[in-house]
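Inside the fold
Letter by letter, the chains look like this.
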Amino acid sequence: MIEDKKIPGDRLVLALISAFRTLVFELSRKGVINQDEFILMLQETAVTHREHGDPNNLADAIHALSIHLQGSPDP
């Protein structure tokens, strides 16, 4: 990548989500984590944020990540 090339923020976020998904699947495949338990943990974290006021508005984003992991086929 050319160092002075700017990546739009939305593209960077989408790339991070894709990399995160790949990391979770790979860790699950190697037995380091249980993917289903991790997804449940993300969903519980979203609920906790909602219950405590969610001042940074993260609950929906955290829940969306869990849904993305849940609905994506293994790479």
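Here is a short report on the structure shown in this document. Not measured: the values here are computed from a predicted model. (Residues numbered from 1 in each chain as written. Predicted model: local features only at pLDDT ≥ 70, side-chain atom pairs only at ≥ 80, totals over all residues. Heavy atoms only, no water.)

1. A look at the packing of aromatic side chains
Taken as a whole and judged by the stated rule, the model has 1 aromatic pair. Taken together, a centroid distance of 5.9 Å and an interplanar angle of 50° make the contact between Phe20 and Phe38 tilted. Pair noted here: Phe20 is in helix α1 (residues 9–29) and Phe38 is in helix α2 (residues 35–51), with a separation of 18 residues, a long-range link. (Phe/Tyr/Trp six-rings, centres within 6.5 Å; stacked < 30°, edge-to-face > 60°. Helix = DSSP H or I, 4+ residues; strand = E, 2+ residues; numbered from the N terminus.)

2. Notes on the nonpolar core
Of all hydrophobic cores here, the largest spans 6 residues; its members are Val24, Ile39, Leu42, Ala46, Ile62 and Leu69. Contributing elements (two or more residues each) for this core: α2 and α3 (59–71). Here the element with the most residues in this core is α2; it accounts for 3 residues. The residues contacting Ile39, other than those within four sequence positions of it, are Ser66, Leu69 and Gln70. (Core = buried A, V, L, I, M, F, W, Y, C linked by side-chain atoms within 4.5 Å. Buried < 20%, exposed > 50% of the residue type's maximum accessible area, 1.4 Å probe, protein only. Contact = heavy atoms within 4.5 Å.)

These results come straight from atomic positions and should not be treated as a statement about function.
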